[in-house]
Amino acid sequence: MRVLQPTLDFLAERGAQGHEGFVVWGARLRDQGTTLEFTSPYVPHQTAHTTTKGLLVTVDGAALDRMNRAFYARGEIAAGQVHSHPTDAYHSETDDHFPLVTLRGAISLVVPDFAQHGLASSDRWAWYRLLGLGEWESLPPHVQVAITEEDA
Ligand SMILES: [Zn+2]
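The name that an unreviewed UniProt entry assigns to the protein chain is JAB domain-containing protein, with the source organism given as Nocardioides alpinus.

In structure tokens, the structure reads:
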């Protein structure tokens, strides 16, 4: 119950108010750097907007700075981000170009339906990996995401 469930709970809570939400996951490297273990969630101070193009969440520079300091203090790196969409899960152009995590190889997860179905909608979740500036790919087959009992 350390990472995933608190993340889904926060997203569902924001969703109940009609807002998208954003959570960043801190990670530690394992197995000689071949495995990223997500070890804690962080909810940055965020502002929800409704625009003509849809919903949007922004995190200002000061909040990002606080987030990075918090991860540093925990001995973690910001290596994953999770956000919710009102309906379908996909990476929008804004998602591509304004991520909260900038580490190459970082994971981005988009959860549909304001996360109101929790883990039950996991077959519709959209997973991406950061290749470079503004460039994301759907998780390739050799990258596996394992949800452990402890985390779920
Ligand atoms: Zn999005």
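Now, onward.
Trainee: Whenever I open this one, empty space enclosed by the protein confuses me. Can you help?
Mentor: Empty space among the atoms can be located by rolling a probe the size of a water molecule over them. Using the criterion set out here, one finds one cavity of 30 Å³ or more in the structure. Taken as a whole, the largest cavity spans an internal volume of roughly 30 Å³. Elements represented by at least two residues in the lining of the largest cavity include exactly β3 (47-51) and β4 (54-58). Looking at which element gives the most residues to the lining of the largest cavity, the answer is β3, with three residues.

Trainee: What is the right way to read the coordination of the zinc ion from this model?
Mentor: Six octahedral donors at a metal ideally form angles of 90 or 180 degrees, and four tetrahedral donors ideally form angles of 109.5 degrees. Around the zinc ion, the protein supplies H83 (NE2), H85 (NE2), D95 (OD) and D95 (OD) as donor atoms, at distances of 2.0 to 2.6 Å. For the zinc ion, the four donor atoms are set out with angles of 55 to 166° between them, so the coordination reads as irregular. The exposure class of H85 is buried, given its relative accessible area of 5%.

Trainee: Could you clarify how one ought to interpret the nonpolar core in this entry?
Mentor: As a rule of thumb, nonpolar side chains are buried together in soluble globular proteins. Counting residues in hydrophobic clusters, the biggest one holds 19 residues, and the most contacted among them are V24, F71 and V101. For this core, the element with the highest residue contribution is helix α2 (residues 61-74), accounting for four residues. If near-sequence neighbours (up to four positions away) are discounted, F71 is found in contact with V24, W25, G26, S40, Y42, E76 and A78. Counting residues in each nonpolar core, the second largest holds 17 residues, with W25, F38, I107 and W127 among its members.

Trainee: Could you clarify how one ought to interpret the packing of aromatic side chains in this entry?
Mentor: What describes a pair of aromatic rings is the distance from one ring centre to the other and the angle between the planes of the rings. Taken as a whole and assessed by the stated rule, the structure comprises three aromatic pairs. Both rings, one in W25 and one in F38, keep their centres 5.2 Å apart while their planes meet at 55°; by these two values the pair is tilted. Of the two residues, W25 is situated in strand β1 (residues 22-30) and F38 in strand β2 (residues 35-42); the sequence distance between them amounts to 13 residues. Here W25 matches F38 in class, with each residue buried. A centroid spacing of 6.3 Å and a plane angle of 50° characterise the contact between W125 and W127, whose relative ring orientation is tilted. Relative accessible area serves as the criterion here: at 8%, W125 is assigned to the buried category. Take W127: its relative accessible area is 19%, and that puts it in the buried class.

Trainee: Honestly, the sheet that holds β2 in this entry has me stumped. Any pointers?
Mentor: Strands pair in a sheet through their backbones, by hydrogen bonds, and they do so in one of two ways: parallel or antiparallel. Taking strand neighbours across the sheet as the criterion, the six strands line up as β2-β1-β5-β6-β7-β8 in an open arrangement whose pairing is mixed. Two strands bound the open sheet, and with one partner strand each, they are β2 and β8 (135-138). Strand-to-strand, the axes of this sheet are offset by a mean angle of 30°, without reference to chain direction. Lying over the sheet, helix α1 (residues 4-16) contacts β1, β2, β5 (77-84) and β6 (107-111), oriented at roughly 165° with respect to β1. On top of the sheet, α2 reaches β1, β2 and β5; it is set at about 125° to β2, its chief contact.

What counts and what doesn't
Residues numbered from 1 in each chain as written. Predicted model: local features only at pLDDT ≥ 70, side-chain atom pairs only at ≥ 80, totals over all residues. Heavy atoms only, no water. 1 Å grid on protein atoms, 1.4 Å probe; cavity = no way out; pocket = protein on both sides within 12 Å on 5 of 7 lines; lining within 4 Å. Points joined across faces, edges and corners; volume = space filled by probe spheres on them. Helix = DSSP H or I, 4+ residues; strand = E, 2+ residues; numbered from the N terminus. Donors = N, O, S within 2.8 Å, 3.2 Å for Na, K, Ca; no water. Tetrahedral: all angles 85-135°; square planar, octahedral: opposite > 155°, others 65-115°. Buried < 20%, exposed > 50% of the residue type's maximum accessible area, 1.4 Å probe, protein only. Core = buried A, V, L, I, M, F, W, Y, C linked by side-chain atoms within 4.5 Å. Contact = heavy atoms within 4.5 Å. Phe/Tyr/Trp six-rings, centres within 6.5 Å; stacked < 30°, edge-to-face > 60°. Pairing = 2+ DSSP bridges. Axes fitted to C-alpha atoms, helices over the stretch in contact; angles between N-to-C directions.

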